[in-house]
Structures are given as C-alpha cells and as structure tokens.
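Geometric and topological summary
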Amino acid sequence: MIDFQNVIEEIHNDLKLTTQRGVVASYIPELAKQRNTSFGIYLKHVSGDNCHVGDWDKPFSIQSISKVLALSKAIAFEGNNIWKRVDVEPSGNPFNHLSLLELENGIPRNPLINAGAIVVADILVTHLKNPKEDFLHYVRGISGDQTIDYNLDVATSEQRTGFKNYAAANLLKSFNNLNNDVDVVLDFYFHQCALEMNCEQLANAFYLFSNRGKCVNNIQHLTLSQIKRINAIMLTCGFYDEAGEFAFEVGLPGKSGVGGGIVALLPNNFVIVTWAPGLNAKGNSLIGMQALEQFTTKTNRSIF
Ligand code: GLU
C-alpha cells in the first residue's frame, strides 16, 4: 500500500521553495491579486481516504475547470445530441483561439475550449429555469458541500474584459450555434468560471468521474458510458494546447484553469487536485504540472 500522504509531502517540500513559479494570470484583473507562493495538494481516494498538504484549504477561482462540471450537466440533459453542436477533437490551439471556429463553421473543436464551453453554457441556459442558481445547486450537490459559491468580483472582472469570449459567442451566434442571447449566455459562463473552491471541494466535485458516475453522496449522476467520454475528453483536451504534454508527463485525464488549479484523476482509484497560481507559457499551472508528473512517477499510478 502506497503512503500517499508521504508522497505528496515529499513533492510539496521539493517544489514549495522553487523560484521558477510561472506567472499569475492578469488578463482577468481580479485574478492578478493571487499570491504566487500559494501551493496546495489534496488527494481523495475512492475508498474515502484523503490526504493533503500546503494550501489545500484556501479557496481559489476554478475558471476553466468548471467546464467539465458544466459539460457533465449538459450531457445529463442532452445525451449524445450535444455532439451535433460541439466536436471532441483536441484543438492544438490556445483556449480562446477563434480562427478554427470560423474555419469549421461554428462547431467548436471540443467542449473544453472557450467556444465549446460557451455552447455548453447555452445548452444549460436553455434547460435550467434559473441557470446560475440551478448550476450552483448542482455543483454543491455533487460535492456534498453547501458552502461553495461564485466569486462575484471575479465574474464582474471578466465581464468587463472578456472581449474574446464576446467575439466567440457572436461568431457562434452568426453560425446559428447559440440559441440564447449572447449576453445571457456569457453572464452564465462568467459566473460558472468564477466558482470559488479549494482543493478539497474540487476533489469532491470530481469524485463522480473517478467513481463510475456516483458522487460523494452515492447518487448516480451519469452512466458509465458518459463517464468514459468525459474522462476521454479531459485526457485529450483538458490542458489547452498542452494536452499531449500533460498525457505524456502525467498520464491522467484532467483539467486545468487559469486560476492555477489542476484536477486529475485515475478512474476507480483517486482524484488529485493541485493549486499553484503561477502559469507556464501555455496557461497551465507550472508547479502543479511538475507536482503531478512527480506524483505519477513516484507512485506508478497512471492510466498507462
Ligand atoms: N474564464 C476564463 C476565460 O474564459 C477561463 C479560462 C481558463 O481557465 O482557461 O477566459
């Protein structure tokens, strides 16, 4: 039996004082307030055991990590119909890239780049009576935690500066791939990205993807086939234009966000979350990726 606590402490000790920490995102002004020294790791095993180290209990902006949670809710509503409006291929491009969208007639490459996530947001706006409240209720439910909330300052900050997302939404609308009003969909999308959670809460939220569709409260939310597909999309599309590198170095499905969080999981085994706000040139947490590479190398636990 591996002593996971010992492993994550070793990794934390090795990386916590490094001076190469990457750069905190500032294109959403509110995110620039994060301290680059923050670093936490949390691991939750499907047995229920968990271990943690560092700043695992400090809340941060989950940003793009929310795209997986939104996708899971949209799939629960639409099943396979969703794939008529968004593809499942890695983009090989940054998360907010637009030229491919135009080239491919308004069908986003995958649901984890911004344009794809905006289509998913549109689906949720169509299905949910009170989209922001109902989505929050869903996230709280799958995490078993009623304290999770949106950070409204982050949502407003992105609303003021999210010009590329407005461009993507308008482009989608011009291709008839957005059914609701651009402003309404983006208001939902910016709130979804502004969910604030700590490493433990994120590990709980993602538990169902490692536990065959059953959440921490043992409720079945998704079928095995849906879980397989969502995990496959995380593996191939979860790290912007660095998904290949993450699969190569770490070997787990996962998703990162520009708030510096990364969630990765081994189906039927565990969810591991890292948070370190400094990003590398591709927008992924620099030491978060290093920590996860060390973790799967030291434990020999990966999907390969
Ligand atoms: N809300 C951010 C955006 O749309 C999410 C980016 C990310 O975490 O990748 O730009």
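An account of the accompanying structure is given in this report. Not measured: the values here are computed from a predicted model. (Residues numbered from 1 in each chain as written. Predicted model: local features only at pLDDT ≥ 70, side-chain atom pairs only at ≥ 80, totals over all residues. Heavy atoms only, no water.)

Brief notes about the packing of aromatic side chains
- Scanning the model with the defined rule gives 11 aromatic pairs in all.
- Taking the centre distance of 3.6 Å and the plane angle of 10 degrees together, the rings of F239 and F246 count as stacked.
- Since its relative accessible area comes to 1%, F246 is described here as buried.
- Of note, K44 hangs over the ring of Y207, and the distance from its end group to the ring centre comes to 5.2 Å.
- The ring of Y240 has K255 lying over it, and the distance from NZ or CZ to the ring centre is 4.5 Å. (Phe/Tyr/Trp six-rings, centres within 6.5 Å; stacked < 30°, edge-to-face > 60°. Buried < 20%, exposed > 50% of the residue type's maximum accessible area, 1.4 Å probe, protein only. Lys NZ or Arg CZ within 6 Å of the ring centre and 35° of its normal.)

Overview of the pairing of strand β2 (residues 40-45)
- When you tally the buried positions in β2, you get six out of six residues, the bulk of the element.
- Residue alternation in β2 divides its side chains into two sets, G40, Y42 and K44 and I41, L43 and H45, and both sets are buried.
- Bridge count for β2 against strand β3 (residues 50-54) is five bridges, and the pairing is antiparallel. The residue of β3 that forms the bridge with I41 is V53.
- Joining the antiparallel neighbours β2 and β3 is a turn of four residues, in which G48 adopts a positive phi near 105 degrees.
- One ladder, built from six bridges, connects β2 with strand β9 (residues 270-275); its direction is antiparallel. Across the sheet, residue L43 finds its bridge partner in β9, namely I272. (Helix = DSSP H or I, 4+ residues; strand = E, 2+ residues; numbered from the N terminus. Pairing = 2+ DSSP bridges.)

Things to note about the environment of D241
- Of note, D241 is situated in the loop between α11 (224-237) and α12 (243-249).
- Looking at D241, the relative accessible area reads 26%, which means it is partly exposed.
- Separated by 151 residues in the primary sequence, D241 and P90 have C-alpha atoms spaced 8.0 Å apart.
- Setting aside anything within four residues of it in sequence, one finds D241 in contact with G92, N93, P94 and K282. (Contact = heavy atoms within 4.5 Å.)

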